[in-house]
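Here is what each chain is made of, one letter per residue.
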Amino acid sequence: PLRITQRHTFGNGRCDLDANTKLCAYDNGDCLDYNRDYCDDLTGDCCPLDIYHSQTFGNGICDLQANTEICRYDDGDCSAYNLEYCDGFGT
């Protein structure tokens, strides 16, 4: 849609949920890595964008809010936590 593609956030290097559609070319390519790495093709479930875009996501410290399979266990930050407290779940 024209209103989305004319925004300053369209194609700015950051995935925007409302532009993450085939018609919008997945935010002009901004959402391609996100869709590939943090979305389940079968269910359509994705790691919430507010978690994915947060400064704590994938920063080397386990964020329990992102410690889910779809968020790749905080992009790997929770591996040690999961080994110690969850019998290796999510490692």
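Anyway, here's the lowdown on the structure attached to this text. (Residues numbered from 1 in each chain as written. Predicted model: local features only at pLDDT ≥ 70, side-chain atom pairs only at ≥ 80, totals over all residues. Heavy atoms only, no water.)

## Section: the packing of aromatic side chains
Okay, step 1: For the coordinates displayed, the defined rule picks out six aromatic pairs.
Okay, step 2: Here the aromatic rings of tyrosine 34 and tyrosine 38 are separated by 6.4 Å at their centres, their planes lie at 25°, and the arrangement is stacked. Here tyrosine 38 and tyrosine 34 lie together in helix H3 (residues 32-38), a separation of four residues that amounts to about one turn. The two residues tyrosine 34 and tyrosine 38 agree in class, both being buried.
Okay, step 3: Taking the centre distance of 4.7 Å and the plane angle of 55° together, the rings of tyrosine 34 and tyrosine 52 count as tilted. (Phe/Tyr/Trp six-rings, centres within 6.5 Å; stacked < 30°, edge-to-face > 60°. Helix = DSSP H or I, 4+ residues; strand = E, 2+ residues; numbered from the N terminus. Buried < 20%, exposed > 50% of the residue type's maximum accessible area, 1.4 Å probe, protein only.)

## Digging into the pattern of salt bridges
Okay, step 1: Considering all chains together, one arrives at four salt bridges under this definition.
Okay, step 2: For aspartate 33, the salt bridge identified is with arginine 36, shortest N-O distance 3.1 Å. Here aspartate 33 pairs with arginine 36, and both are found in helix H3, just three residues apart, close to one helical turn.
Okay, step 3: A salt bridge links arginine 72 to aspartate 75, with the shortest nitrogen-to-oxygen separation between them at 3.9 Å. Of this pair, arginine 72 and aspartate 75 both sit in helix H5 (residues 72-75), three residues apart, which is roughly one turn of that helix. (Salt bridge = Lys/Arg side-chain N within 4 Å of Asp/Glu carboxyl O.)

## Thoughts on a nonpolar patch on the surface
Okay, step 1: Among the surface-exposed residues, Leu64, Tyr81 and Tyr85 lie close enough to one another that they form a single nonpolar patch of about 330 Å² accessible area.
Okay, step 2: Note on placement: tyrosine 85 falls in helix H6 (residues 79-85). (Patch = residues over 30% accessible without salt bridge, like charges linked within 9 Å, V, L, I, M, F, W, Y side chains within 5 Å. Areas by Shrake-Rupley, 256 points an atom, 1.4 Å probe, with all protein chains shown as cover.)

## A look at the state of the cysteines
Okay, step 1: Enumeration over the complete set of coordinates arrives at four disulfides.
Okay, step 2: Each sulfur of the disulfide joining cysteine 15 and cysteine 31 lies 2.0 Å from the other. Here the S-S torsion is close to 100°, and the disulfide linking cysteine 15 with cysteine 31 is therefore right-handed. Of the two residues, cysteine 15 is situated in the loop between helix H1 (2-5) and helix H2 (25-28) and cysteine 31 in the loop between H2 and H3; the sequence distance between them amounts to 16 residues. (Disulfide = S-S within 2.5 Å.)

## Things to note about the environment of asparagine 67
Okay, step 1: Along the chain, asparagine 67 turns up in the loop between helix H4 (49-52) and H5.
Okay, step 2: Those residues within four positions of asparagine 67 in sequence are excluded, and the remaining contacts are Cys62, Tyr73, Asp74, Cys78, Tyr81 and Asn82. (Contact = heavy atoms within 4.5 Å.)

## With respect to unusual backbone geometry
Okay, step 1: At tyrosine 26, a position not held by glycine, the phi torsion is positive, near 50°.
Okay, step 2: You can see tyrosine 26 is positioned in helix H2.
Okay, step 3: Tyrosine 26 sits in the partly exposed class, given a relative accessible area of 30%.
Okay, step 4: Notably, aspartate 27 is not glycine yet its phi reads approximately 60°, a positive angle.
Okay, step 5: Inspection of the secondary structure puts aspartate 27 in helix H2.
Okay, step 6: Since its relative accessible area comes to 0%, aspartate 27 is described here as buried.

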